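# Commentary on secondary and tertiary structure
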Amino acid sequence: MKLCKTVAELRTEVALAKVAGRSIGLVPTMGALHEGHGSLIAAARKENELVIVSVFVNPTQFGPGEDLDAYPRTLEADCLLAEQMGADIVFAPTPKEMYPSEDMTWVEVTGDITKVLCGRSRPIHFRGVTTVVSKLLNLAQPDRAYFGQKDAQQVQVIKRMVKDLFFNVQLRIMPIVREADGLAKSSRNTYLSPEERQAGLVLSRSLRQAETLFQQGERNGAELVEIVREMIAAEPLSEIDYVEIYELPDLTPLAGKITGPCLLAVAVRFGTTRLIDNIILEGA
């Protein structure tokens, strides 16, 4: 496996792959890799001849007071896991390498899709996400790019960007990877105390309850939201940011009954750590 730290190095590797006619899979990450990232890399390995994993803590998607400085940076361990899961290249640039100009060029998806859910409390977040992902897609020129469903709003925003800007890439959205007890795997789980981690299980438990009720015929979105909210609120260590439901793919507010695919998403703080989770409700 090769470690590329500059744009020039990555471009050279990509050019060689293109000349050889090799298919390319890209797995964009912010590092602190865990089994969830590993599943994305493994999926890319199965479907592509060259697998590129980017490891970059993107400063432009962090707002004031967020955990940019505290975000774990574990490049050596990340490279080991990436190699074990089948990566050919890890691209680990510096912020200056990715943002060479003082005056920024931004790629921004506008509209409600970036203003609801996490976009409400993190107003610059998705502009940073789409800007860095567009740079990575341009650099890696992948046939396929891999993202996890845990960041459900991010997935929808990136889908919109790829569609609107005609990126020639197939987006592969992979299922949420969970711990054995149901907690969605996240780099931020390491911030949780043992008590907070135990309390965090209420997220997957409440979402599973909503999914069960949906499968049993409940189509009142507001009722499902209220059930999830009540279950989470009953956990003393929880501080709810949101429990909301939106129609897919554009994250438009659900009006009345559920008649098509919907995203039921939660964001909750346990101590200083903000966790997100979600389910997609679809089917007859």
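A brief look at the structure comes next. (Residues numbered from 1 in each chain as written. Predicted model: local features only at pLDDT ≥ 70, side-chain atom pairs only at ≥ 80, totals over all residues. Heavy atoms only, no water.)

## Remarks on the overall build of the protein
- Within the protein, the secondary structure is distributed over 10 helices and 10 strands.
- Since a compact globule built from 284 residues should have a radius of gyration of about 19 Å, the 19 Å found for the protein is in line with a globular shape.
- Across its three principal directions, the C-alpha atoms of the protein cover 55 × 40 × 40 Å.
- Among the 284 residues that make up the protein, the fraction classed as buried is 52%.
- Here the analysis covers contacts within the protein between residues at least 6 apart in sequence; of these, 73% occur between residues at least 24 apart.
- Distance between charge centroids for the protein: 4 Å, based on 31 positive and 37 negative side chains. (Helix = DSSP H or I, 4+ residues; strand = E, 2+ residues; numbered from the N terminus. Rg over C-alpha atoms; globule rule 2.2 N^0.38 Å. Buried < 20%, exposed > 50% of the residue type's maximum accessible area, 1.4 Å probe, protein only. Contact = heavy atoms within 4.5 Å. Lys, Arg positive; Asp, Glu negative; His and termini not counted. Charge placed at Lys NZ, Arg CZ, Asp CG, Glu CD.)

## Let's talk about the sheet that holds strand E8 (residues 252–253)
- Taken in spatial order, the 4 strands line up as E8-E7-E9-E10 in an open sheet, and their pairing is antiparallel. Because the sheet does not close on itself, it has two edges, and the strands there are E8 and strand E10 (273–281).
- Across 9 bridges, the pairing between strand E7 (residues 238–247) and strand E9 (residues 262–270) is antiparallel. Directly across from Glu 247, in E9, lies its bridge partner Cys 262.
- Contacting E9 and E10, helix H9 (residues 201–215) runs over the sheet at an angle of about 15° to E10.
- The sheet contacts of helix H10 (residues 221–233) involve E7, E9 and E10, and relative to E7 the element is tilted by about 165°. (Pairing = 2+ DSSP bridges. Axes fitted to C-alpha atoms, helices over the stretch in contact; angles between N-to-C directions.)

## Here we look at the sheet that holds strand E6 (residues 170–174)
- The strand order across the open sheet formed by 6 strands is E1-E4-E3-E2-E5-E6, and the pairing between neighbours is parallel. Unpaired on one side and paired on the other, strand E1 (2–4) and E6 mark the two borders of the sheet. Averaged over all adjacent pairs, the angle separating strand axes in this sheet is 25°, with direction ignored.
- Across 5 bridges, strand E5 (residues 144–148) lies against E6 in parallel orientation. Residue Arg 144 lies in a different strand from E6, and its bridge partner there is Gln 170.
- Relative to the sheet, helix H7 (residues 152–164) contacts E5 and E6, its axis offset from that of E6 by approximately 170°.

## Structural notes on the pairing of E10
- Of all 9 residues in E10, 7 are buried, a share of seventy percent or more.
- In textbook terms, the turn of a hairpin is the stretch between consecutive antiparallel strands, and for E9 and E10 this stretch comprises 2 residues, one of which, Gly 271, has a positive phi near 65°.

## Regarding unusual backbone geometry
- Each neighbour pair has its own omega, and for Leu 248 with Pro 249 the value is 10°, a cis peptide bond.
- One can find Pro 249 in the loop between E7 and E8.
- Unlike most non-glycine residues, Gln 141 shows phi in positive territory, near 50°.
- As for its position among the elements, Gln 141 is in the loop between helix H6 (125–140) and E5.
- Look at Gln 141 and you get partly exposed, because its relative accessible area is 41%.

## Let's talk about the pairing of E7
- The pairing of E7 with E8 spans 2 bridges and is classified as antiparallel. Each bridged residue has a counterpart across the sheet, and for Tyr 246 the counterpart in E8 is Pro 253.
- Counted along the chain from E7 to the antiparallel partner E8, the turn is 4 residues long, and its residue Leu 251 has a positive phi close to 55°.

## Looking at the pattern of salt bridges
- Per the counting criterion, the structure on display carries 13 salt bridges.
- Here Arg 120 ties to Glu 244 by a salt bridge, and the two come within 3.1 Å at their closest N and O atoms. Placement of Arg 120 in helix H5 (residues 118–121) and of Glu 244 in strand E7 is noted, with a sequence separation of 124 residues between them.
- A relative accessible area of 44% places Arg 120 in the partly exposed class.
- A salt bridge links Asp 151 to Lys 150; the nearest nitrogen and oxygen atoms lie 3.9 Å apart.
- Judged by relative accessible area, which is 30%, Asp 151 ranks as partly exposed.
- Connected through salt bridges with shared partners, the residues Glu 35, Glu 179 and Lys 185 form a single ionic network. (Salt bridge = Lys/Arg side-chain N within 4 Å of Asp/Glu carboxyl O.)

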